[in-house]
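Below, each chain spelled out in residue letters.
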Amino acid sequence: MREQRHGRRIMMTPEERDAFLGAQRTCRVATVSADGRPHVTPLWFAWDGSALWLYSVVRSRRWAELQADPRVAVVVDAGEEYGELRGVEATGSAEPVGEAPRTGAEPVPELETVEKAFALKYGFGERMFHDGRHAWLRIRPETLTTWDFRRLDGEFRR
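Conventions used here
Residues numbered from 1 in each chain as written. Predicted model: local features only at pLDDT ≥ 70, side-chain atom pairs only at ≥ 80, totals over all residues. Heavy atoms only, no water. Core = buried A, V, L, I, M, F, W, Y, C linked by side-chain atoms within 4.5 Å. Buried < 20%, exposed > 50% of the residue type's maximum accessible area, 1.4 Å probe, protein only. Contact = heavy atoms within 4.5 Å. Helix = DSSP H or I, 4+ residues; strand = E, 2+ residues; numbered from the N terminus. Pairing = 2+ DSSP bridges. Arc of directions from axis to C-beta. Salt bridge = Lys/Arg side-chain N within 4 Å of Asp/Glu carboxyl O.

A. Examining the nonpolar core more closely. Judged by nonpolar contacts, the single largest core of 37 residues is most densely connected at C27, F45, W53, L54 and W136. Filtering out sequence-adjacent residues up to four positions away, L54 remains in contact with C27, V29, L43, W44, F45, A135, W136, L137 and I139.

Spelled out as structure tokens, the structure:
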């Protein structure tokens, strides 16, 4: 993964980034259609400290686009006022993990930890609910950019 070169003054520490991604519930996933048009959709996600995990409907435009071109950008952000803005942008390639769609009939050791974390984060209890419509995509970020405007300590606020 490439190191962040710009915005170091406002970038999050790895611990702050991990806490932020653990607390936020919705990311925005940007894919590219066959004709080059961007497509952005909101989605729930999990972060394991090194990869973003997306639980996507396999009969979605997002899934089809990622099968044709796995390049993806994901943004997770928060804040209302300028001085509160913070977030994370990850770019990389999405790779399916496990069966598609996921039924849960077969254990997938790679998914045990992420499925438990996802289920806890979104209120499913300790076991992942499988509906036979979704499957997992893993994004190991090639770039990871963070920002936290609260570090500006009042600069540029209105």
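Structure shown, so let's carry the discussion forward.
B. The arrangement of the pairing of strand β1 (residues 26-32) in detail. Only one face of β1 is covered, namely the face carrying C27, V29 and T31; the face carrying T26, R28, A30 and V32 is uncovered. Direction of pairing for β1 relative to strand β2 (residues 38-47): antiparallel, over a ladder of 7 bridges. Across the sheet, residue A30 finds its bridge partner in β2, namely V40. Taken together, β1 and the strand that follows it, β2, pair antiparallel across an intervening segment of 5 residues, in which G36 is found at a positive phi of about 90°. Pairing geometry for β1 and strand β4 (residues 71-78), over 3 bridges, is antiparallel.

C. Region of the structure containing helix α1 (residues 14-23). Inspection of α1 places R17, F20 and L21 among the buried residues, and these make up the whole buried set. Down the axis, α1 shows its buried residues gathered within 95° of arc, on one side only. Those residues of α1 that are exposed and aimed more than 90 degrees away from the buried face are E15 and A23.

D. The arrangement of the pattern of salt bridges in detail. All told, the structure shown has 14 salt bridges when counted by the stated rule. The partner of D69 in a salt bridge is R71, and the shortest N-O contact between them spans 2.7 Å. Residue classification places D69 among the buried residues on the basis of a relative accessible area of 19%. Exposure remark for R71: the relative accessible area of 51% places this residue in the exposed category. Members of the salt-bridge network, linked through shared partners, are E95, E110, R138 and R140.

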